[in-house]
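Residue-level listing of the chains:
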Amino acid sequence: MKRTQLGIAISVVLLGLSAPSYAQENDPTQQDNATGIEVIQVTSQKRAQSINEVPIAISAMNETDIERLGAQDVRDMQFSVPNMIVTGYIESSPSFGIRGISDRSRNPGYDNRVGVYIDGVWVGRSSAANQSALDVERVEVLRGPQGTLFGKNTVAGAINIITKRPHSDELSGRLGVDIGNFGLQSYNGSINVPFSEDFSGRLSVTKTDRDGFVENSDPLGVILPADKFVDEFNNKDELATRAQFYWHAGENTNVSLSFDYVENKANVLLGEKVDDPLAPDVNVVSLDSSQRLDSTIKGSGLTIDHTFANEFQLTSVTGLRSSEWNLSDVDEDYSPLPYAFTEFQTEDSTHFSQELRLASPAYESFDYIVGAYYLTQSIEGDSDVQAFAPALNPAAPPVYVGASRVANVDADSYALFAHGNYRFTDQWSITAGLRYTYEEKAIDYTIVDTSGLFTNLSAKESRDASDVSPTVSLNWIPVEDLLLFARYSRGFKSGGYNADLINDAEALPFEDESVDSYEIGFKSPFLDNTLNLNANVFISQHDDYQVQSFTQLPSGGTAITITNAAEVESKGFELELQWQPIDSLQLWANYGYTDAEFKAFPEPAGPGTDFSGNQLAEAPKYTYGIGAEYRYSLNYGDFVVQADYFKRDKFYSNPDNAVSNLNQERGESAARIGFEAESGAWNVFLWGKNLADDVSQIHNSTSFLGIGRAQYSQPRTYGVKGQYKF
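The model shown is predicted, which means the values in this text are computed figures rather than measured ones.

1. Side note on the nonpolar core
Now for step 1: Core analysis: the largest hydrophobic core is formed by 41 residues, its most contacted members being Met-84, Val-139 and Ile-159.
Now for step 2: If we skip the residues at most four places from it in the chain, Val-139 touches Ser-59, Ala-60, Met-61, Ile-66, Met-77, Ile-159, Asn-160 and Ile-161.
Now for step 3: With 20 residues, the next largest nonpolar core counts Ile-40, Ala-60, Leu-142 and Phe-150 among its residues.

Laid out in structure tokens, this is it:
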């Protein structure tokens with residue numbers, strides 16, 4: 001089966017060698033449906049380019065696509081991207097993965113593998129990765145290592161978010177409302193103000209409230225005290241704001257300044273106890289804790305562009321960002337009795353970044369970019385877990401024991417990079433780049449344990465690392481508008497510290513990770529730009545892959561460990577299709593296949609254990625999505641009908657590949673039906689998601705007491721939304 005699917009993909013890529021191009025010459029930003037599908041402009045190579053001209057596996061969603069998906073954040077966009085996965089409802093630590101390479105920055109000493117950027121500024125921690133879709137112009141998802149231009153910790157890929165820039169044309173804005181089941185109420189608005197011909201501003205706000213979809217029950221009537229009882233979990237209370245200013249400071253200088261702020265409050269659920277006799281139904285639990293999560297994400301960015309008389313462009317991108325969260329009163333015994341609980345777990349992260357780039361003009365045969373980058377980051381995290389001693393050992397006295405840890409991690413990163421294109425002929429070109437990175441990291445860590453499950457340790461350590469990450473791509477345009485490319489890229493992820501509750505001092509540090517990636521692909525519009533087809537085949541080889549896992553303890557419980565697997569390989573293919581057979585009908589589809597496994601991982605959990613040949617955690621074999629939109633023109637606008645279906649394969653949530661950690665395959669259908677005014681001034685839609693009400697296990701794990709738990713997909717949701725523009 002693996003050979004068959006890879007063979008099909010290679011055949012599709014090679015077919016591009018002989019495929020004729022039917023695309024007409026036109027403006028790549030053309031949006032008139034009569035001339036075909038809109039071609040999105042992207043900045044994945046730090047220059048504005050048509051997505052069809054970039055020799056990278058990249059998916060892009062513009063404002064129309066985001067609205068069509070009903071996406072409120074990056075998580076909602078995952079099924080529109082082949083081989084992308086986002087798991088976990090807990091906003092403090094969602095897991096992002098691309099091509100089977102997934103993880104989350106669970107503790108202060110570990111960084112995530114998928115880099116997320118807002119207007120060129122790295123957002124940092126996993127808690128900040130699931131960014132709001134508020135006033136976003138487009139989202140670019142780059143698959144595979146992006147070490148040269150994006151740099152820090154992008155060994156799986158990068159997500160590049162570009163927000164709407166203010167303009168000086170006129171006073172304008174929009175108001176929106178979304179009302180649905182589970183008490184959903186969401187209100188949003190934005191306003192663009194031209195203060196002068198050269199200075200404008202934009203302010204956007206959204207407020208969303210929704211009841212929880214997991215019921216908390218107390219069948220034994222034993223939850224004490226009563227004020228700790230929470231009726232429901234996985235509710236939503238979110239406020240997001242964005243403010244932007246744009247200044248045309250002179251004939252050759254432009255300045256953009258932005259601020260964003262997101263606040264989340266919820267009673268969250270890490271999982272439901274598997275086979276719970278007190279709450280046997282899905283989306284029903286019996287817990288005596290509030291499991292309160294409060295999180296705040298905020299940041300600012302300053303971009304200055306200056307074009308010299310010789311057409312060289314100097315760009316400065318300055319960022320200051322922070323994220324903090326507090327998860328308190330978490331039930332660890334998954335029962336209505338106070339046997340074990342996490343009193344609190346917190347993290348506070350702040351970082352400053354500065355990038356300078358000098359871009360040459362696009363000469364006839366070549367162009368290039370050179371730059372420098374600096375980042376300084378400080379992360380503080382602590383936690384406290386308590387357990388009733390007889391719950392751990394029946395012979396123990398009736399007292400509470402526990403473990404607590406405090407960690408402070410500081411990091412500084414420096415980089416120099418260069419990237420360019422050389423065009424041998426009109427048909428052949430080469431794209432190449434190089435990045436040098438040097439990083440320093442230090443930790444001050446203390447753990448105090450009275451439970452016997454973990455260890456006692458106080459440590460101050462530091463480490464440094466350096467790396468050279470090249471990329472090179474050979475590009476061929478055999479006929480007009482058909483691009484074929486063969487690409488090599490290297491990525492680097494520095495080592496760090498497992499600043500969690502650990503059971504051994506040797507479990508604290510882990511080493512650097514590197515990846516070498518190879519891929520071939522093609523991109524082409526056909527049939528007068530009414531059909532777009534992109535395809536690529538890839539293989540990535542990781543050395544010293546950093547593995548997060550729940551490791552079994554002698555007590556029967558688990559501890560979080562981070563170790564370096566010797567070798568990991570991820571290989572597969574991706575297909576993306578857009579087709580507009582007639583002006584009123586659009587079709588789209590994507591398919592991703594990934595085979596990600598440990599090629600060598602001896603003794604991951606001690607002598608005698610071997611995970612070699614196991615599937616990586618959170619690495620489904622396939623993902624796909626299909627959809628269609630039909631528009632029927634009426635006197636005053638368009639009647640719109642749209643339907644989507646998404647599916648991903650089953651996957652393991654732990655590298656041990658135990659059956660208890662196997663998650664079900666997930667399929668979900670969505671639809672909307674509504675009316676858009678001819679003027680574009682207003683629209684109204686009925687919408688629904690998970691229409692079949694298919695509730696699947698989407699993330700299984702084991703608690704530190706050895707209790708099996710599972711998260712489930714959201715049940716069917718539906719509602720009505722409307723928007724007015726002025």
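2. Focus: the pattern of salt bridges
Now for step 1: Tallied over the full model, the rule gives 41 salt bridges.
Now for step 2: Arg-423 serves as the salt-bridge partner of Asp-367, at 3.0 Å between the closest nitrogen and oxygen. Taken together, the residues span a long stretch of sequence, with Asp-367 in strand S23 (residues 366–388) and Arg-423 in strand S24 (residues 400–423) at a distance of 56 residues.
Now for step 3: Given a relative accessible area of 25%, Arg-423 falls into the partly exposed group.
Now for step 4: Through salt bridges with shared partners, one network takes in Arg-99, Arg-143, Arg-487, Glu-519, Glu-574 and Glu-576.

3. Considerations on empty space enclosed by the protein
Now for step 1: Tallied over the full model, the rule gives 13 cavities of 30 Å³ or more.
Now for step 2: By volume, the second largest cavity amounts to about 870 Å³.
Now for step 3: Where the lining of the second largest cavity is concerned, the elements lending two or more residues are strand S6 (101–103), strand S21 (313–331), strand S22 (340–359), S23, strand S31 (531–552), strand S32 (558–582), strand S40 (697–702) and strand S41 (708–712).
Now for step 4: If one sorts the elements of the lining of the second largest cavity by residue count, S31 sits on top with 6 residues.

4. Observations concerning the pairing of S22
Now for step 1: Alignment of S21 against S22, held across 18 bridges, turns out to be antiparallel. What sits directly across from Gly-319, in S22, is Ser-353.
Now for step 2: In the sheet, S22 pairs with S23 via 19 bridges, with the strands oriented antiparallel. The partner of Ala-340 across the bridge, within S23, is Ala-387.
Now for step 3: Hairpin remark: S22 followed by S23, antiparallel, with 6 residues in the connecting loop.

5. Things to note about the environment of Tyr-622
Now for step 1: In this structure, Tyr-622 sits in strand S34 (residues 622–633).
Now for step 2: Note: C-alpha distance between Tyr-622 and Glu-440 (182 residues apart in sequence) is 38 Å.
Now for step 3: Discounting chain neighbours no more than four positions away, the residues touching Tyr-622 are Tyr-591, Gly-592, Tyr-593, Lys-647, Arg-648, Asp-649 and Glu-665.
Now for step 4: In this structure the side chain of Tyr-622 is engaged in a polar contact, spanning 3.2 Å, whose partner is the side chain of Glu-665.

6. Considering unusual backbone geometry
Now for step 1: Phi is positive for Asn-529, which is not a glycine, with a value near 65°.
Now for step 2: Position of Asn-529 relative to the elements: it lies in the loop between strand S30 (513–526) and S31.
Now for step 3: Of note in the backbone geometry, Asn-657 takes a positive phi value of approximately 55° without being a glycine.

7. A closer look at the sheet that holds strand S18 (residues 272–273)
Now for step 1: Taken together, the 3 strands give an open sheet; going across it, the order is S18-S41-S40, and neighbouring strands pair in antiparallel fashion. The sheet terminates laterally at S18 and S40, the two strands that pair on one side only.
Now for step 2: Examined bridge by bridge, S18 and S41 share 2 bridges and lie antiparallel to one another. Of the residues in S41, the one forming a bridge with Lys-273 is Arg-709.

8. Digging into the sheet that holds strand S14 (residues 214–216)
Now for step 1: Spatially, S15-S14-S19 is the arrangement adopted by the 3 strands of the open sheet, whose pairing is mixed. The sheet terminates laterally at strand S15 (232–233) and strand S19 (284–285), the two strands that pair on one side only.
Now for step 2: Across 2 bridges, S14 lies against S15 in antiparallel orientation. Residue pairing in the sheet places Glu-215 in a bridge with Glu-232 of S15.

9. Topic: the packing of aromatic side chains
Now for step 1: Taken as a whole and judged by the stated rule, the model has 28 aromatic pairs.
Now for step 2: Their ring planes at 85° and their centres at 5.7 Å tell us that Phe-601 and Phe-611 sit as a pair that is edge-to-face. A residue pair is termed long-range when its members are at least 10 positions apart, and Phe-601 in the loop between strand S33 (585–600) and S34 and Phe-611 in the loop between S33 and S34 qualify at 10 residues.
Now for step 3: The rings of Phe-573, Tyr-591, Tyr-593, Tyr-622, Tyr-624 and Tyr-645 are connected pair by pair, giving a single aromatic cluster.
Now for step 4: Positioned above the aromatic ring of Trp-588, the side-chain terminus of Arg-68 is 4.0 Å from the ring centre.
Now for step 5: Taking NZ or CZ as reference, Lys-493 lies 3.8 Å from the ring centre of Tyr-110, over its face.

10. Some remarks on the pairing of strand S7 (residues 114–118)
Now for step 1: Of all the 5 residues making up S7, 5 are buried; the element is thus mostly covered by neighbouring parts of the structure.
Now for step 2: The two faces of S7 match: Val-114, Val-116 and Ile-118 on one face and Gly-115 and Tyr-117 on the other face are all buried.
Now for step 3: The pairing of S7 with strand S8 (residues 121–122) spans 2 bridges and is antiparallel. Counted as the bridge partner of Tyr-117 is Trp-122 from S8.
Now for step 4: Once S7 ends, the chain turns through 2 residues before running back antiparallel as S8, passing Asp-119 with a positive phi of about 50°.

So, how was this worked out
Residues numbered from 1 in each chain as written. Predicted model: local features only at pLDDT ≥ 70, side-chain atom pairs only at ≥ 80, totals over all residues. Heavy atoms only, no water. Core = buried A, V, L, I, M, F, W, Y, C linked by side-chain atoms within 4.5 Å. Buried < 20%, exposed > 50% of the residue type's maximum accessible area, 1.4 Å probe, protein only. Contact = heavy atoms within 4.5 Å. Salt bridge = Lys/Arg side-chain N within 4 Å of Asp/Glu carboxyl O. Helix = DSSP H or I, 4+ residues; strand = E, 2+ residues; numbered from the N terminus. 1 Å grid on protein atoms, 1.4 Å probe; cavity = no way out; pocket = protein on both sides within 12 Å on 5 of 7 lines; lining within 4 Å. Points joined across faces, edges and corners; volume = space filled by probe spheres on them. Pairing = 2+ DSSP bridges. Polar contact = N/O pair within 3.5 Å; in protein donor to acceptor, adjacent residues only side chain to side chain. Phe/Tyr/Trp six-rings, centres within 6.5 Å; stacked < 30°, edge-to-face > 60°. Lys NZ or Arg CZ within 6 Å of the ring centre and 35° of its normal.

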